[in-house]
Amino acid sequence: MTATDRLLRTGPTATEAVVSEYRDRARPLAEQLAGKGFRDQWEALAGLGVLRLDPPEPDRAGDAPGPVTRSLAMVEGIGLAGVDPGVVYALASQVFGMQYPLRAVLPEEAWRSLAHLQEGRVLLCHALTERRGGSDPLSMDTRARRDGDGYVLDGAKTFITAAPVADLALVFARTEENRSPFALSAFLFPVDTPGVTRADAFAKTALPGVPMGELAFEGVRLTADHRIGAEGSGLAILSSTTTWERALLLGYALGPMRITLQRITTWASERDHFGRRMGASHQVAARVSDMALALHRSRSLLYAMAARLDAGTPTRRLSAEAALTKISVSEDYVRLTGHATALSGVRAFIADSELPADLHSPMAALTYAGPNDLLRVGVAREFGLPVEN
Ligand SMILES: Cc1cc2nc3c(=O)[nH]c(=O)nc-3n(C[C@H](O)[C@H](O)[C@H](O)COP(=O)(O)OP(=O)(O)OC[C@H]3O[C@@H](n4cnc5c(N)ncnc54)[C@H](O)[C@@H]3O)c2cc1C
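Residues numbered from 1 in each chain as written. Predicted model: local features only at pLDDT ≥ 70, side-chain atom pairs only at ≥ 80, totals over all residues. Heavy atoms only, no water.

S.K.: Just checking my understanding: could you explain the overall build of the protein for this structure?
M.R.: On a plain count of helices and strands, the protein comes out with 12 helices and 10 strands. Taken over C-alpha atoms, the radius of gyration comes to 21 Å for the protein, in line with the 21 Å a tight globule of 389 residues would show. Along the longest, intermediate and shortest principal axes, the C-alpha atoms of the protein span 80 × 50 × 45 Å. Considering only contacts in the protein between residues 6 or more positions apart, those separated by 24 or more positions represent 75%. Here the protein displays about 17,400 Å² of accessible surface, and carbon together with sulfur accounts for 54% of that area. For the protein, the centre of its 42 positive side-chain charges and the centre of its 45 negative side-chain charges are spaced 4 Å apart. (Helix = DSSP H or I, 4+ residues; strand = E, 2+ residues; numbered from the N terminus. Rg over C-alpha atoms; globule rule 2.2 N^0.38 Å. Contact = heavy atoms within 4.5 Å. Areas by Shrake-Rupley, 256 points an atom, 1.4 Å probe, with all protein chains shown as cover. Lys, Arg positive; Asp, Glu negative; His and termini not counted. Charge placed at Lys NZ, Arg CZ, Asp CG, Glu CD.)

S.K.: I'm lost on the site of the ligand in this one. Help?
M.R.: Taken together, 17 residues are adjacent to the ligand, and His-126, Thr-129, Ser-135, Thr-161 and Asp-373 come closest. A distance of 2.6 Å is found between a nitrogen atom of the ligand and a side-chain nitrogen or oxygen belonging to Thr-129. One nitrogen or oxygen atom from the side chain of Thr-161 is found 2.7 Å from a nitrogen atom belonging to the ligand. The set of elements that each furnish at least two residues to the shell around the ligand consists of β3 (150–161) and α12 (372–382). (Near = heavy atom within 4 Å. Polar contact = N/O pair within 3.5 Å; in protein donor to acceptor, adjacent residues only side chain to side chain.)

S.K.: Just to check I follow, could you spell out the UniProt feature "domain: Acyl-CoA dehydrogenase/oxidase C-terminal" (unreviewed entry) in the protein for this structure?
M.R.: What UniProt calls "domain: Acyl-CoA dehydrogenase/oxidase C-terminal" (unreviewed entry) maps, in this numbering, to residues 232–381. Counted over residues 232–381, helix gives 68% and strand 3%. Its end C-alpha atoms are 24 Å apart. (UniProt positions renumbered as here; feature names shortened; annotations may be inferred.)

S.K.: Can you help me understand the pattern of salt bridges in this one?
M.R.: Two side chains with opposite charge may pair up if their charged atoms get near one another. For the coordinates displayed, the defined rule picks out 23 salt bridges. For Asp-272, the salt bridge goes to Arg-277, with nearest N and O atoms at 3.0 Å. (Salt bridge = Lys/Arg side-chain N within 4 Å of Asp/Glu carboxyl O.)

S.K.: Looking at this structure, how should I read the UniProt feature "domain: Acyl-CoA oxidase/dehydrogenase middle" (unreviewed entry) in the protein?
M.R.: When the UniProt feature table is mapped onto this chain, "domain: Acyl-CoA oxidase/dehydrogenase middle" (unreviewed entry) is found at residues 125–220. The span residues 125–220 is 0% helix and 48% strand, and its two end C-alpha atoms sit 17 Å from each other.

S.K.: Looking at this structure, I do not really get unusual backbone geometry. What am I missing?
M.R.: Both trends apply: most residues other than glycine have a negative phi, and most peptide bonds are in trans. Phi is positive for Leu-207, close to 45°, though the residue is something other than glycine. Within the secondary structure layout, Leu-207 lies in the loop between β6 (196–198) and β7 (212–222). Exposure remark for Leu-207: the relative accessible area of 5% places this residue in the buried category. (Buried < 20%, exposed > 50% of the residue type's maximum accessible area, 1.4 Å probe, protein only.)

S.K.: Would you explain the environment of Pro-65 in this entry?
M.R.: Looking at the secondary structure, you find Pro-65 in the loop between α3 (38–46) and α4 (67–80). In this structure the C-alpha to C-alpha distance between Pro-65 and Thr-13, which are 52 residues apart in sequence, comes to 9.4 Å. For Pro-65, the contacting residues outside a window of four places in its chain are Ala-14, Thr-15, Val-18, Arg-60 and Arg-70.

S.K.: Looking at this structure, I do not really get α12. What am I missing?
M.R.: Each turn of an α-helix holds 3.6 residues, which means side chains three or four residues apart point in the same direction. The complete set of buried residues in α12 reads Asn-372, Leu-375, Gly-378 and Val-379. Along the axis of α12, the buried positions cluster into a sector of 110°, meaning they face one direction only. Next to the buried residues of α12 lie α7 (234–248) and α10 (319–344). Once α12 finishes, Gly-384 follows within two positions and takes phi at roughly 105°, a positive value. (Arc of directions from axis to C-beta.)

S.K.: Sorry, what's going on with the packing of aromatic side chains here?
M.R.: Each aromatic ring pair is characterised by the separation of its centres together with the angle its planes make. Under the counting rule described, the total for this entry stands at nine aromatic pairs. An aromatic cluster of three or more residues is present, and its members are Tyr-89, Tyr-252, Tyr-333 and Tyr-368. (Phe/Tyr/Trp six-rings, centres within 6.5 Å; stacked < 30°, edge-to-face > 60°.)

S.K.: Is there a simple way to think about the pairing of β7 in this case?
M.R.: A regular strand places its side chains on the two faces of the sheet in alternate fashion. For β3 and β7, the ladder comprises eight bridges, and the chain directions are antiparallel. Across the sheet, the residue bridging to Thr-161 is Met-212, located in β7. In terms of strand pairing, β6 meets β7 through three bridges, oriented antiparallel. The partner of Arg-198 across the bridge, within β7, is Leu-215. (Pairing = 2+ DSSP bridges.)

Below you can see the structure in the form of structure tokens.
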């Protein structure tokens, strides 16, 4: 165990053991899969069981992690193995941003019919954002018009992670023409339904390991079975998916953050500079400590959210905490990457150097799952300020 690993052991031993187990199981795959297509990587890693949702176990023995904590530890371990962060992001997005909230809102029989999602052969995407924007869902143009017992869907969703390769789409659409909290509904249907077209993938600079694209809907006929929850419950479902996402999606970043800290620590300990080791400078040491602080804070917050969800806390009571966690971890990811970039010098900007920096992916975390500026407004509103977006 490295000094970094020892310092960062924030969780119970059994949770840390899951992180190590998945790091060790994913490591050979990370090497075999480097350079392979997204779908191949996704399926191989899903084969480790990371998408499997264990049922809650109220009488867990000792310090055994609950199911959500275990999922987070698996995601962290896979990231720590050096798997492409885009693929780990996609796994975390499906398991936390879609599977857990869908299981919570769907009747048991409907969830059982989707249980195969956990095997990894079916890929989901979460389609909310439109060309005009994603932060204001009540301004969306995509409409599901009642037609007999079913609906006809028209519109388009864009900037959607995994849309170019997904099998199923969770799509939010307007079923009423106003800005009421009951104006939206959620639908889950196969992407190969007639009337759905996928545009080409965007050339994305952040998390390039997972494709992003657009879905257009033209007269797409959906049955009432494709609707998730009651008509008009779309915003409530969205609030559940986004709370889960804000609480835990950034678990994917823990691996890359830890790898970066380890690399920089080794670099600063071993490099001779100005006639001494680079790490003998107090300024260098302070940056390394700030990186460790960013990682320690992020791990503590993410695992605390997982524990709250394992304890059965309803997502409606977690929205402010989830937003604060997302703001803090994303900004710490940027901060840690900034310190690493400064300490790496020119090597940060050379793709095949020993210390290349990925600046885009941490910066993107400030935007997805709700831009931090807007999340701050929401948090202040929960504290009672009369502030609206
Ligand atoms: C890597 C990545 C993956 C993504 N994956 C998906 C996905 O799978 N599915 C999906 O639906 N979407 C996805 N998105 C899109 C994402 O959800 C949207 O980018 C996000 O909702 C913000 O919408 P926007 O980009 O239109 O930003 P905007 O809403 O235009 O906001 C941009 C900025 O404007 C400022 N701003 C605007 N209005 C206000 C205000 N009233 N108060 C304060 N500040 C304001 C803030 O600084 C804010 O950060 C992804 C984005 C990224 C980067």
